[in-house]
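Letter by letter, the chains look like this.
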Amino acid sequence: MEMPSISPTPRTVEEIFKDFSGRRIGIVRALTEEVDDFYAFCDPEKENLCLYGHPNSTWEVTLPAEEVPPELPEPALGINFARDGMNRKDWLSLVAVHSDSWLLSVAFYLGARFNGNERFPKIQHQAEVVKALQLLTVTIIA
């Protein structure tokens with residue numbers, strides 16, 4: 001599956017938050033509703049795989065982008081290697097933590113051109129959103 005591009009680039013705080021929210025929904029779906037499919041895609045025999053959430057609320061497990069520098073910050077590399085060496089719930093929690101970090105890095109990357117006053121509402125919105133790890137803890141681990 002080819003990675004969807006982020007075109008058009010989000011240009012307002014609201015568009016960046018919408019991008020963030022769509023990516024988050026995709027990651028949460030991969031780690032909860034579609035966890036068996038996600039687990040199967042993360043074969044430790046494959047190369048360094050990454051979990052990508054896309055703005056259209058889909059997710060994908062694939063190799064990192066080949067372009068240098070990449071269009072966006074890269075998610076955690078090699079999520080598949082620890083899969084069989086850890087308890088499943090612990091592994092999913094680790095992927096969720098890395099995914100939360102990646103989501104924030106993408107949002108801040110997209111918002112880097114805004115001044116501090118323009119960024120504040122975006123930071124406030126994102127602080128109020130439940131993180132993937134928090135949802136995973138409630139949904140699967142509890």
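- The name an unreviewed UniProt entry assigns to the chain is PHD finger protein ALFIN-LIKE, from the organism Platanthera guangdongensis.
- As recorded by UniProt, the Sequence similarities (unreviewed entry) comment attached to the chain reads in full: "Belongs to the Alfin family."
- Database annotation for the chain, UniProt heading Subcellular location (unreviewed entry): "Nucleus".

**Points about the nonpolar core**
Here is step 1: Of all hydrophobic cores here, the largest spans 28 residues; its most connected members are Leu31, Phe38, Leu51, Val61 and Val95.
Here is step 2: For this core, the secondary-structure elements that each account for two or more residues are α1 (13–31), α2 (35–41), β1 (50–53), β2 (59–62) and α3 (88–110).
Here is step 3: Considering each element in turn, this core owes the most residues, nine residues, to α3.
Here is step 4: Ignoring anything within four residues of it in the chain, the contact list for Phe38 reads Ala30, Leu31, Leu51, Trp59, Val61, Ile79, Trp91, Leu92 and Val95.

**Digging into unusual backbone geometry**
Here is step 1: Located in the positive-phi region is Ser57, a residue other than glycine, with phi close to 70 degrees.
Here is step 2: Its location among the elements puts Ser57 in the loop between β1 and β2.
Here is step 3: Overall, the relative accessible area of 17% leaves Ser57 in the buried class.

**Quick look at empty space enclosed by the protein**
Here is step 1: Counting across every chain of the model gives one cavity of 30 Å³ or more.
Here is step 2: Taken together, Leu51, Pro75, Ala76, Ile79, Val95, His98 and Ser99 make up the lining of the largest cavity.
Here is step 3: The element best represented in the lining of the largest cavity is α3, accounting for three residues.
Here is step 4: Here the residues of the lining of the largest cavity sort into five nonpolar, two polar and no charged.

Scoring rules and cut-offs
Residues numbered from 1 in each chain as written. Predicted model: local features only at pLDDT ≥ 70, side-chain atom pairs only at ≥ 80, totals over all residues. Heavy atoms only, no water. UniProt positions renumbered as here; feature names shortened; annotations may be inferred. Core = buried A, V, L, I, M, F, W, Y, C linked by side-chain atoms within 4.5 Å. Buried < 20%, exposed > 50% of the residue type's maximum accessible area, 1.4 Å probe, protein only. Helix = DSSP H or I, 4+ residues; strand = E, 2+ residues; numbered from the N terminus. Contact = heavy atoms within 4.5 Å. 1 Å grid on protein atoms, 1.4 Å probe; cavity = no way out; pocket = protein on both sides within 12 Å on 5 of 7 lines; lining within 4 Å. Points joined across faces, edges and corners; volume = space filled by probe spheres on them. Nonpolar A, V, L, I, M, F, W, Y, C, P; charged D, E, K, R; others polar.

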